[in-house]
Amino acid sequence: MSIKTKLPKSAYGVYLLSLLLIPVFSLSAADLSGNWVVRDSLPDGTVRRSYFDLKQEGAHITGHIRTTQAFYIISESTGGPDTFTLVGTWPDGDNQRKATYQISLVGDELHVSTRRRPDAPLIEMVAHRTTPGEGALPTRLPLPALHKVPYNGLAKTPPMGWNSWNKFASRVDDAAVRSAADALVSTGMKDAGFIYVNIDDTWEADRDAQGNIQTNKKFPDMKALADYVHGKGLKLGIYSSPGPNTCAGYEGSFGHEEQDAKTYAAWGIDYLKYDWCGARNLYKDSEMQPLYQKMGDALQATGRAIVYSLCQYGRADVWKWGPDVGGNLWRTTGDIRDSYDSMEKIGFSQNDLAPYAAPGHWNDPDMLEVGNGGMSTVEYQTHMTLWSILAAPLLAGNDLQNMSPEILAILTNREVIAIDQDRAGKQGARAIKSGDTEVWTRDLINGGRAVAIFNRGTSEAVASFHWSDVGFRNKIPAKARNVWLHQDVAVSGVDYSTTVPGHGVVLLVFSARKM
Ligand code: GLA
(Lines give C-alpha, C1' and ligand atoms only; values in the text may rest on other atoms or scores of the structure.)
Protein backbone atom coordinates (compact mmCIF):
# COMPACT_ATOMS: atom_id res chain seq x y z
CA MET A 1 0.00 0.00 0.00
CA SER A 2 1.34 3.40 -0.78
CA ILE A 3 0.13 6.65 0.52
CA LYS A 4 0.28 9.49 -1.90
CA THR A 5 0.18 12.81 -0.24
CA LYS A 6 -1.18 15.53 -2.31
CA LEU A 7 0.57 18.75 -1.39
CA PRO A 8 -1.20 22.05 -1.64
CA LYS A 9 0.12 24.34 -4.42
CA SER A 10 1.97 26.68 -2.03
CA ALA A 11 3.75 23.72 -0.45
CA TYR A 12 5.21 22.79 -3.90
CA GLY A 13 6.74 26.25 -4.01
CA VAL A 14 8.42 25.72 -0.62
CA TYR A 15 9.59 22.25 -1.71
CA LEU A 16 11.15 23.57 -4.91
CA LEU A 17 12.76 26.43 -3.01
CA SER A 18 14.26 24.03 -0.51
CA LEU A 19 15.74 21.98 -3.36
CA LEU A 20 17.41 25.14 -4.59
CA LEU A 21 18.58 26.06 -1.11
CA ILE A 22 20.20 22.73 -0.24
CA PRO A 23 23.33 23.25 -2.39
CA VAL A 24 23.51 26.89 -1.38
CA PHE A 25 23.26 25.93 2.24
CA SER A 26 25.90 23.19 2.01
CA LEU A 27 28.28 25.60 0.20
CA SER A 28 27.68 28.37 2.66
CA ALA A 29 28.62 25.88 5.40
CA ALA A 30 32.06 25.72 3.73
CA ASP A 31 32.28 29.33 2.72
CA LEU A 32 35.93 30.36 2.50
CA SER A 33 35.15 34.03 1.93
CA GLY A 34 37.00 36.41 4.19
CA ASN A 35 40.46 37.46 5.31
CA TRP A 36 42.89 34.81 6.46
CA VAL A 37 46.40 35.06 7.85
CA VAL A 38 49.18 32.52 8.29
CA ARG A 39 51.48 33.57 11.14
CA ASP A 40 54.86 31.91 11.01
CA SER A 41 56.80 32.55 14.25
CA LEU A 42 60.52 32.33 13.65
CA PRO A 43 63.13 31.47 16.29
CA ASP A 44 64.62 34.97 15.92
CA GLY A 45 61.41 36.39 17.41
CA THR A 46 59.97 37.77 14.19
CA VAL A 47 56.65 36.69 12.71
CA ARG A 48 56.26 36.18 8.98
CA ARG A 49 52.75 36.57 7.62
CA SER A 50 50.96 35.46 4.48
CA TYR A 51 47.45 36.71 3.75
CA PHE A 52 44.57 35.16 1.84
CA ASP A 53 41.78 37.56 0.94
CA LEU A 54 39.10 35.35 -0.58
CA LYS A 55 35.66 35.82 -2.05
CA GLN A 56 33.69 32.69 -2.76
CA GLU A 57 30.70 32.65 -5.10
CA GLY A 58 29.36 29.13 -5.52
CA ALA A 59 32.34 27.02 -6.52
CA HIS A 60 34.36 30.00 -7.71
CA ILE A 61 36.93 31.85 -5.62
CA THR A 62 38.46 35.23 -6.42
CA GLY A 63 40.64 37.61 -4.41
CA HIS A 64 44.36 37.80 -3.72
CA ILE A 65 47.19 36.18 -1.84
CA ARG A 66 50.00 38.19 -0.28
CA THR A 67 53.16 36.34 0.71
CA THR A 68 56.48 37.70 1.98
CA GLN A 69 57.44 38.79 -1.51
CA ALA A 70 54.53 38.36 -3.85
CA PHE A 71 51.07 39.73 -4.33
CA TYR A 72 49.08 37.24 -6.40
CA ILE A 73 45.72 37.97 -7.97
CA ILE A 74 43.70 34.77 -8.02
CA SER A 75 43.23 34.14 -11.71
CA GLU A 76 41.84 30.57 -11.67
CA SER A 77 39.93 28.50 -9.17
CA THR A 78 38.89 24.89 -9.63
CA GLY A 79 37.55 22.13 -7.42
CA GLY A 80 35.18 22.52 -4.51
CA PRO A 81 33.04 22.20 -2.58
CA ASP A 82 35.66 21.24 0.03
CA THR A 83 39.05 21.57 -1.58
CA PHE A 84 39.96 24.22 -4.10
CA THR A 85 42.98 24.72 -6.31
CA LEU A 86 43.82 28.38 -6.83
CA VAL A 87 46.24 29.79 -9.37
CA GLY A 88 47.61 33.22 -8.49
CA THR A 89 49.20 35.54 -11.03
CA TRP A 90 51.70 38.17 -9.97
CA PRO A 91 52.62 40.90 -12.41
CA ASP A 92 56.18 41.37 -11.06
CA GLY A 93 57.64 44.02 -13.35
CA ASP A 94 58.07 42.46 -16.74
CA ASN A 95 58.20 38.92 -15.35
CA GLN A 96 54.71 37.61 -14.77
CA ARG A 97 54.82 34.83 -12.17
CA LYS A 98 52.27 32.22 -11.14
CA ALA A 99 51.78 30.10 -8.04
CA THR A 100 49.33 27.31 -7.26
CA TYR A 101 47.69 26.83 -3.86
CA GLN A 102 45.41 24.08 -2.57
CA ILE A 103 43.06 25.25 0.12
CA SER A 104 40.41 23.61 2.22
CA LEU A 105 38.38 24.52 5.26
CA VAL A 106 38.99 22.27 8.27
CA GLY A 107 36.87 23.37 11.20
CA ASP A 108 37.49 27.10 11.39
CA GLU A 109 41.00 26.84 9.91
CA LEU A 110 42.05 27.26 6.32
CA HIS A 111 44.53 24.55 5.40
CA VAL A 112 46.86 25.64 2.63
CA SER A 113 49.53 23.81 0.66
CA THR A 114 51.81 25.04 -2.10
CA ARG A 115 55.22 24.49 -3.69
CA ARG A 116 57.80 27.16 -4.47
CA ARG A 117 58.57 25.37 -7.75
CA PRO A 118 56.80 22.36 -9.29
CA ASP A 119 59.67 20.08 -8.18
CA ALA A 120 60.07 21.63 -4.70
CA PRO A 121 58.75 20.03 -1.50
CA LEU A 122 55.17 20.69 -0.43
CA ILE A 123 54.77 23.57 2.04
CA GLU A 124 51.77 23.22 4.35
CA MET A 125 50.32 26.12 6.31
CA VAL A 126 47.33 26.84 8.52
CA ALA A 127 45.54 30.18 8.20
CA HIS A 128 43.13 31.77 10.67
CA ARG A 129 40.49 34.39 10.12
CA THR A 130 41.68 37.95 10.58
CA THR A 131 40.27 41.44 10.36
CA PRO A 132 39.53 42.76 6.87
CA GLY A 133 42.33 44.95 5.56
CA GLU A 134 45.10 43.48 7.75
CA GLY A 135 46.87 42.08 4.72
CA ALA A 136 46.25 45.04 2.45
CA LEU A 137 49.29 46.58 0.82
CA PRO A 138 50.23 49.95 2.32
CA THR A 139 49.33 53.03 0.33
CA ARG A 140 51.96 54.24 -2.11
CA LEU A 141 53.85 57.32 -1.00
CA PRO A 142 54.54 60.07 -3.51
CA LEU A 143 57.80 59.81 -5.41
CA PRO A 144 60.35 62.63 -5.12
CA ALA A 145 61.34 64.66 -8.17
CA LEU A 146 64.57 63.45 -9.69
CA HIS A 147 67.85 65.20 -9.03
CA LYS A 148 71.47 64.12 -8.98
CA VAL A 149 72.75 62.83 -5.64
CA PRO A 150 76.41 63.92 -5.40
CA TYR A 151 79.07 61.19 -5.51
CA ASN A 152 80.05 60.17 -1.98
CA GLY A 153 83.71 59.68 -2.90
CA LEU A 154 83.67 55.97 -1.89
CA ALA A 155 84.43 52.69 -3.69
CA LYS A 156 87.16 54.10 -5.92
CA THR A 157 87.90 50.44 -6.63
CA PRO A 158 85.26 47.66 -6.48
CA PRO A 159 84.27 46.92 -2.85
CA MET A 160 85.83 43.82 -1.32
CA GLY A 161 84.69 41.90 1.71
CA TRP A 162 82.28 39.19 2.80
CA ASN A 163 78.49 38.89 2.77
CA SER A 164 76.43 36.48 4.84
CA TRP A 165 73.74 35.49 2.34
CA ASN A 166 75.25 32.87 0.03
CA LYS A 167 76.32 30.58 2.85
CA PHE A 168 74.25 31.50 5.89
CA ALA A 169 71.04 32.99 4.45
CA SER A 170 68.61 33.37 7.40
CA ARG A 171 70.99 31.56 9.78
CA VAL A 172 73.25 34.62 10.05
CA ASP A 173 73.60 35.99 13.57
CA ASP A 174 75.90 38.13 15.69
CA ALA A 175 78.25 35.19 16.34
CA ALA A 176 78.51 34.31 12.64
CA VAL A 177 79.37 37.91 11.77
CA ARG A 178 82.01 38.11 14.52
CA SER A 179 83.48 34.80 13.31
CA ALA A 180 83.61 36.09 9.74
CA ALA A 181 85.40 39.23 10.93
CA ASP A 182 87.86 37.15 12.96
CA ALA A 183 88.51 34.90 9.96
CA LEU A 184 89.06 37.80 7.57
CA VAL A 185 91.91 38.84 9.84
CA SER A 186 93.34 35.41 10.71
CA THR A 187 93.33 34.07 7.15
CA GLY A 188 95.05 37.14 5.69
CA MET A 189 92.00 38.04 3.62
CA LYS A 190 91.83 41.45 5.27
CA ASP A 191 95.42 42.13 4.23
CA ALA A 192 94.49 41.07 0.70
CA GLY A 193 91.79 43.77 0.67
CA PHE A 194 88.60 42.10 2.00
CA ILE A 195 87.39 44.86 4.31
CA TYR A 196 83.58 44.90 4.40
CA VAL A 197 81.68 42.47 6.62
CA ASN A 198 78.14 42.66 5.28
CA ILE A 199 75.05 41.39 7.06
CA ASP A 200 72.40 40.49 4.51
CA ASP A 201 68.67 39.96 5.05
CA THR A 202 67.06 38.65 8.30
CA TRP A 203 68.64 40.90 10.97
CA GLU A 204 65.50 43.05 11.25
CA ALA A 205 62.66 43.05 13.77
CA ASP A 206 59.58 45.28 13.74
CA ARG A 207 59.71 49.00 14.57
CA ASP A 208 59.32 50.51 18.03
CA ALA A 209 56.54 52.97 18.90
CA GLN A 210 58.59 55.85 17.43
CA GLY A 211 59.09 53.93 14.19
CA ASN A 212 62.74 53.07 14.83
CA ILE A 213 63.86 49.84 13.23
CA GLN A 214 64.80 47.17 15.78
CA THR A 215 67.13 44.22 15.50
CA ASN A 216 65.78 40.73 16.15
CA LYS A 217 67.04 38.20 18.72
CA LYS A 218 69.92 37.14 16.48
CA PHE A 219 71.50 40.60 16.77
CA PRO A 220 71.21 41.74 20.39
CA ASP A 221 73.34 44.88 19.96
CA MET A 222 74.19 46.17 16.50
CA LYS A 223 76.30 49.05 17.82
CA ALA A 224 78.43 46.65 19.85
CA LEU A 225 78.82 44.45 16.78
CA ALA A 226 79.91 47.43 14.69
CA ASP A 227 82.44 48.37 17.39
CA TYR A 228 83.79 44.82 17.34
CA VAL A 229 84.14 44.78 13.55
CA HIS A 230 85.70 48.25 13.53
CA GLY A 231 88.09 47.14 16.26
CA LYS A 232 89.49 44.62 13.77
CA GLY A 233 90.13 47.32 11.20
CA LEU A 234 87.12 46.18 9.16
CA LYS A 235 83.84 47.82 8.15
CA LEU A 236 80.25 46.71 8.75
CA GLY A 237 77.53 46.50 6.12
CA ILE A 238 73.78 46.07 6.46
CA TYR A 239 70.75 45.37 4.27
CA SER A 240 67.27 46.80 3.69
CA SER A 241 64.60 47.39 1.06
CA PRO A 242 62.76 50.39 -0.38
CA GLY A 243 59.60 48.32 0.13
CA PRO A 244 57.59 47.62 3.28
CA ASN A 245 59.29 44.24 3.55
CA THR A 246 62.50 42.58 2.42
CA CYS A 247 62.83 39.56 0.16
CA ALA A 248 62.81 37.25 3.18
CA GLY A 249 59.72 39.01 4.56
CA TYR A 250 61.41 41.15 7.23
CA GLU A 251 60.82 44.86 7.85
CA GLY A 252 61.86 47.17 4.99
CA SER A 253 62.57 50.92 4.95
CA PHE A 254 59.40 52.04 3.12
CA GLY A 255 58.40 55.46 4.52
CA HIS A 256 61.28 55.38 7.04
CA GLU A 257 64.23 56.08 4.78
CA GLU A 258 65.69 59.05 6.70
CA GLN A 259 65.02 57.43 10.06
CA ASP A 260 66.71 54.18 9.04
CA ALA A 261 69.71 55.94 7.51
CA LYS A 262 70.16 57.83 10.81
CA THR A 263 69.90 54.57 12.76
CA TYR A 264 72.52 52.94 10.54
CA ALA A 265 74.84 55.92 11.00
CA ALA A 266 74.33 55.83 14.78
CA TRP A 267 75.19 52.13 14.85
CA GLY A 268 78.33 52.76 12.79
CA ILE A 269 77.28 51.11 9.54
CA ASP A 270 79.58 51.59 6.53
CA TYR A 271 77.70 49.89 3.68
CA LEU A 272 74.05 49.43 2.73
CA LYS A 273 72.67 46.87 0.27
CA TYR A 274 69.22 48.09 -0.72
CA ASP A 275 67.10 45.32 -2.22
CA TRP A 276 64.02 45.99 -4.37
CA CYS A 277 61.90 42.88 -3.55
CA GLY A 278 59.24 44.26 -1.23
CA ALA A 279 58.74 47.46 -3.26
CA ARG A 280 57.64 45.68 -6.39
CA ASN A 281 54.05 45.29 -5.32
CA LEU A 282 53.66 49.03 -4.81
CA TYR A 283 55.82 50.51 -7.52
CA LYS A 284 56.67 49.77 -11.12
CA ASP A 285 60.20 49.07 -12.30
CA SER A 286 60.13 52.44 -14.05
CA GLU A 287 59.73 54.08 -10.61
CA MET A 288 62.89 52.61 -9.14
CA GLN A 289 65.08 55.64 -9.67
CA PRO A 290 63.22 58.06 -7.35
CA LEU A 291 62.91 55.37 -4.65
CA TYR A 292 66.64 54.61 -4.76
CA GLN A 293 67.34 58.35 -4.83
CA LYS A 294 65.35 58.73 -1.59
CA MET A 295 67.70 56.43 0.30
CA GLY A 296 70.74 57.87 -1.54
CA ASP A 297 69.79 61.30 -0.19
CA ALA A 298 69.06 59.91 3.26
CA LEU A 299 72.46 58.22 3.50
CA GLN A 300 74.27 61.36 2.43
CA ALA A 301 72.30 63.47 4.90
CA THR A 302 73.77 61.41 7.75
CA GLY A 303 77.24 62.70 6.95
CA ARG A 304 78.65 59.18 7.43
CA ALA A 305 80.66 57.46 4.67
CA ILE A 306 78.28 54.66 3.66
CA VAL A 307 78.81 52.68 0.46
CA TYR A 308 75.47 52.41 -1.34
CA SER A 309 74.77 49.11 -3.13
CA LEU A 310 71.65 48.93 -5.31
CA CYS A 311 70.13 45.48 -5.60
CA GLN A 312 67.33 45.31 -8.14
CA TYR A 313 68.57 42.48 -10.34
CA GLY A 314 69.69 44.68 -13.24
CA ARG A 315 66.21 45.88 -14.11
CA ALA A 316 65.29 49.22 -15.68
CA ASP A 317 68.81 49.73 -17.11
CA VAL A 318 70.09 50.62 -13.63
CA TRP A 319 73.64 51.15 -14.98
CA LYS A 320 72.32 54.29 -16.73
CA TRP A 321 71.01 55.97 -13.54
CA GLY A 322 72.80 54.17 -10.68
CA PRO A 323 75.40 56.94 -10.22
CA ASP A 324 72.67 59.63 -10.23
CA VAL A 325 71.00 58.18 -7.11
CA GLY A 326 74.32 58.03 -5.29
CA GLY A 327 74.85 54.31 -6.00
CA ASN A 328 78.38 52.94 -5.79
CA LEU A 329 77.42 49.59 -7.28
CA TRP A 330 74.32 48.00 -8.76
CA ARG A 331 73.36 44.42 -9.35
CA THR A 332 73.18 43.56 -13.02
CA THR A 333 71.52 40.14 -12.77
CA GLY A 334 69.26 37.86 -10.75
CA ASP A 335 70.69 35.87 -7.85
CA ILE A 336 73.77 33.73 -8.37
CA ARG A 337 73.73 30.09 -7.26
CA ASP A 338 76.68 27.90 -6.36
CA SER A 339 76.85 26.08 -9.69
CA TYR A 340 79.01 26.48 -12.77
CA ASP A 341 75.90 26.96 -14.93
CA SER A 342 74.64 29.86 -12.85
CA MET A 343 78.05 31.53 -12.53
CA GLU A 344 78.81 31.06 -16.23
CA LYS A 345 75.43 32.38 -17.35
CA ILE A 346 75.87 35.52 -15.27
CA GLY A 347 79.57 36.13 -15.84
CA PHE A 348 79.70 35.74 -19.60
CA SER A 349 76.58 37.88 -20.12
CA GLN A 350 78.18 41.09 -18.84
CA ASN A 351 79.99 42.14 -22.01
CA ASP A 352 77.74 45.05 -22.98
CA LEU A 353 77.94 46.68 -19.57
CA ALA A 354 81.67 47.50 -19.66
CA PRO A 355 81.12 51.18 -20.57
CA TYR A 356 79.11 51.80 -17.38
CA ALA A 357 81.80 50.85 -14.86
CA ALA A 358 84.12 53.53 -13.50
CA PRO A 359 85.82 54.38 -10.21
CA GLY A 360 83.07 54.92 -7.64
CA HIS A 361 80.40 53.16 -9.75
CA TRP A 362 80.49 49.44 -10.48
CA ASN A 363 78.43 46.80 -12.20
CA ASP A 364 77.71 44.01 -9.70
CA PRO A 365 77.14 40.52 -11.15
CA ASP A 366 76.40 39.31 -7.57
CA MET A 367 78.53 37.93 -4.78
CA LEU A 368 81.13 35.20 -4.98
CA GLU A 369 80.25 31.55 -4.47
CA VAL A 370 83.93 30.53 -4.23
CA GLY A 371 84.28 27.85 -1.55
CA ASN A 372 80.62 26.93 -1.14
CA GLY A 373 81.16 23.46 -2.60
CA GLY A 374 79.09 23.46 -5.79
CA MET A 375 81.97 24.01 -8.21
CA SER A 376 85.41 22.49 -8.72
CA THR A 377 88.62 24.33 -7.87
CA VAL A 378 89.15 25.04 -11.57
CA GLU A 379 85.62 26.41 -11.87
CA TYR A 380 86.12 28.64 -8.84
CA GLN A 381 89.32 29.98 -10.47
CA THR A 382 87.21 30.79 -13.52
CA HIS A 383 84.65 32.53 -11.27
CA MET A 384 87.32 34.66 -9.59
CA THR A 385 89.02 35.44 -12.92
CA LEU A 386 85.82 36.46 -14.65
CA TRP A 387 84.76 38.70 -11.75
CA SER A 388 88.20 40.37 -11.79
CA ILE A 389 88.10 40.97 -15.53
CA LEU A 390 84.62 42.46 -14.98
CA ALA A 391 85.89 44.84 -12.26
CA ALA A 392 83.18 43.28 -10.09
CA PRO A 393 82.87 43.73 -6.34
CA LEU A 394 84.60 40.80 -4.62
CA LEU A 395 82.30 39.81 -1.77
CA ALA A 396 83.21 36.35 -0.58
CA GLY A 397 80.11 34.34 0.32
CA ASN A 398 81.56 31.25 1.95
CA ASP A 399 82.18 30.01 5.50
CA LEU A 400 85.49 31.72 6.17
CA GLN A 401 86.15 29.72 9.34
CA ASN A 402 86.08 26.46 7.42
CA MET A 403 87.76 26.84 4.08
CA SER A 404 90.42 24.73 2.44
CA PRO A 405 93.87 26.12 1.57
CA GLU A 406 92.93 25.87 -2.15
CA ILE A 407 89.89 28.08 -1.65
CA LEU A 408 91.85 30.59 0.42
CA ALA A 409 94.52 30.64 -2.30
CA ILE A 410 91.87 31.43 -4.92
CA LEU A 411 90.33 34.23 -2.88
CA THR A 412 93.65 35.77 -1.93
CA ASN A 413 95.57 35.50 -5.19
CA ARG A 414 97.07 38.99 -5.07
CA GLU A 415 97.75 39.13 -8.78
CA VAL A 416 94.12 38.39 -9.63
CA ILE A 417 92.94 40.86 -7.00
CA ALA A 418 95.28 43.47 -8.51
CA ILE A 419 93.43 43.08 -11.82
CA ASP A 420 90.05 43.48 -10.11
CA GLN A 421 91.23 46.47 -8.11
CA ASP A 422 93.08 48.18 -10.95
CA ARG A 423 92.73 51.89 -10.32
CA ALA A 424 91.94 52.78 -13.93
CA GLY A 425 88.59 51.10 -13.23
CA LYS A 426 88.00 49.95 -16.81
CA GLN A 427 85.79 46.87 -16.98
CA GLY A 428 87.06 44.20 -19.40
CA ALA A 429 85.17 42.76 -22.33
CA ARG A 430 85.14 39.86 -24.77
CA ALA A 431 87.71 40.05 -27.59
CA ILE A 432 87.22 36.62 -29.19
CA LYS A 433 84.52 33.96 -29.14
CA SER A 434 85.25 30.80 -31.06
CA GLY A 435 83.33 27.66 -30.17
CA ASP A 436 83.85 27.07 -26.45
CA THR A 437 86.83 29.42 -26.28
CA GLU A 438 86.39 33.01 -25.19
CA VAL A 439 89.20 35.49 -24.74
CA TRP A 440 88.40 38.49 -22.56
CA THR A 441 90.77 41.38 -22.01
CA ARG A 442 90.94 44.20 -19.53
CA ASP A 443 93.05 47.32 -19.95
CA LEU A 444 95.00 48.15 -16.83
CA ILE A 445 96.53 51.34 -15.53
CA ASN A 446 99.66 52.58 -17.32
CA GLY A 447 98.98 50.54 -20.44
CA GLY A 448 99.05 47.05 -18.93
CA ARG A 449 96.54 44.43 -20.05
CA ALA A 450 95.00 41.27 -18.60
CA VAL A 451 94.10 38.50 -21.07
CA ALA A 452 91.85 35.67 -19.86
CA ILE A 453 91.49 32.64 -22.10
CA PHE A 454 88.39 30.72 -21.02
CA ASN A 455 87.32 27.22 -22.08
CA ARG A 456 83.55 26.93 -21.58
CA GLY A 457 83.56 23.33 -22.80
CA THR A 458 83.80 20.39 -20.41
CA SER A 459 87.03 18.83 -21.71
CA GLU A 460 90.53 20.20 -22.02
CA ALA A 461 91.06 22.17 -25.23
CA VAL A 462 93.78 23.99 -27.09
CA ALA A 463 92.95 27.66 -27.61
CA SER A 464 94.81 29.49 -30.40
CA PHE A 465 94.48 33.10 -31.52
CA HIS A 466 96.36 36.02 -33.07
CA TRP A 467 97.64 38.57 -30.63
CA SER A 468 96.31 41.28 -32.93
CA ASP A 469 92.79 39.91 -32.25
CA VAL A 470 93.09 40.70 -28.58
CA GLY A 471 94.18 44.29 -29.09
CA PHE A 472 97.95 44.06 -29.41
CA ARG A 473 98.89 46.17 -32.39
CA ASN A 474 102.49 45.11 -32.87
CA LYS A 475 104.40 42.01 -32.03
CA ILE A 476 103.53 40.75 -28.64
CA PRO A 477 105.59 41.88 -25.64
CA ALA A 478 108.09 39.25 -24.66
CA LYS A 479 107.05 38.70 -21.10
CA ALA A 480 103.74 37.91 -19.50
CA ARG A 481 102.75 36.60 -16.14
CA ASN A 482 100.54 33.56 -15.69
CA VAL A 483 98.80 34.64 -12.52
CA TRP A 484 97.24 31.32 -11.50
CA LEU A 485 100.56 29.53 -11.91
CA HIS A 486 102.45 32.49 -10.39
CA GLN A 487 104.97 32.18 -13.23
CA ASP A 488 106.55 34.49 -15.75
CA VAL A 489 105.96 33.09 -19.22
CA ALA A 490 107.80 33.90 -22.43
CA VAL A 491 105.57 34.69 -25.37
CA SER A 492 106.67 35.48 -28.89
CA GLY A 493 105.41 35.62 -32.46
CA VAL A 494 102.05 36.73 -33.77
CA ASP A 495 100.00 33.78 -32.59
CA TYR A 496 99.40 32.22 -29.22
CA SER A 497 98.30 28.76 -28.30
CA THR A 498 97.66 27.29 -24.88
CA THR A 499 95.92 24.35 -23.30
CA VAL A 500 92.95 25.24 -21.09
CA PRO A 501 91.18 22.73 -18.81
CA GLY A 502 87.44 22.16 -19.20
CA HIS A 503 85.52 25.03 -17.53
CA GLY A 504 88.94 26.53 -16.80
CA VAL A 505 90.98 29.60 -17.65
CA VAL A 506 94.52 30.73 -18.42
CA LEU A 507 95.00 34.24 -17.10
CA LEU A 508 97.91 36.31 -18.37
CA VAL A 509 98.93 39.82 -17.38
CA PHE A 510 101.10 41.95 -19.61
CA SER A 511 102.96 44.85 -18.15
CA ALA A 512 102.99 48.22 -19.84
CA ARG A 513 105.98 47.78 -22.12
CA LYS A 514 105.74 47.76 -25.92
CA MET A 515 101.99 47.79 -26.46
C1 GLA B 1 67.52 38.85 -2.88
C2 GLA B 1 68.94 39.30 -3.19
C3 GLA B 1 69.91 38.35 -2.53
C4 GLA B 1 69.68 38.35 -1.03
C5 GLA B 1 68.23 37.97 -0.73
C6 GLA B 1 67.90 38.15 0.74
O7 GLA B 1 67.22 37.61 -3.44
O8 GLA B 1 69.14 39.36 -4.58
O9 GLA B 1 71.24 38.75 -2.82
O10 GLA B 1 69.97 39.62 -0.52
O11 GLA B 1 67.33 38.77 -1.47
O12 GLA B 1 66.57 37.92 1.02
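Before going into details, it helps to say that this report is about the structure given with it. If you're wondering where the values come from, they're calculated on a predicted model, not measured in any experiment. (Residues numbered from 1 in each chain as written. Predicted model: local features only at pLDDT ≥ 70, side-chain atom pairs only at ≥ 80, totals over all residues. Heavy atoms only, no water.)

### Side note on the site of the ligand
Step number 1: Neighbouring residues of the ligand: 13 residues in total, closest Asp-200, Asp-201, Lys-273, Asp-275 and Asp-335.
Step number 2: The protein chains hide 93% of the 310 Å² of surface that the ligand would expose on its own.
Step number 3: Split into classes, the residues belonging to the shell around the ligand amount to seven nonpolar, no polar and six charged. (Near = heavy atom within 4 Å. Areas by Shrake-Rupley, 256 points an atom, 1.4 Å probe, with all protein chains shown as cover. Nonpolar A, V, L, I, M, F, W, Y, C, P; charged D, E, K, R; others polar.)

### A word on the sheet that holds strand S3 (residues 60-66)
Step number 1: If you walk around this closed barrel you meet the eight strands as S1-S2-S3-S4-S5-S6-S7-S8, and the pairing is antiparallel. Going from strand to strand, the sheet's axes swing by 30° on average, the running direction of each strand aside.
Step number 2: Of the pairings in the sheet, the one linking strand S4 (residues 71-79) to strand S5 (residues 83-92) comprises six bridges and is antiparallel in character. If you follow Gly-79 over to S5, its bridge partner there is Phe-84. (Pairing = 2+ DSSP bridges. Helix = DSSP H or I, 4+ residues; strand = E, 2+ residues; numbered from the N terminus. Axes fitted to C-alpha atoms, helices over the stretch in contact; angles between N-to-C directions.)

### Quick notes on the state of the cysteines
The bond known as a disulfide is covalent and runs between the sulfur atoms of two cysteines.
Step number 1: Inspection of the entire model under this criterion finds one disulfide.
Step number 2: The disulfide bridge from Cys-247 ends at Cys-277, spanning 2.0 Å between sulfur atoms. Handedness of the Cys-247-Cys-277 disulfide follows from its S-S torsion of about 105°: it is right-handed. Of the two residues, Cys-247 sits in the loop between strand S13 (235-240) and helix H6 (257-267) while Cys-277 sits in the loop between strand S14 (271-275) and helix H7 (288-301), which places them 30 residues apart along the sequence. Neither Cys-247 nor Cys-277 differs from the other in exposure class; each is buried. (Disulfide = S-S within 2.5 Å. Buried < 20%, exposed > 50% of the residue type's maximum accessible area, 1.4 Å probe, protein only.)

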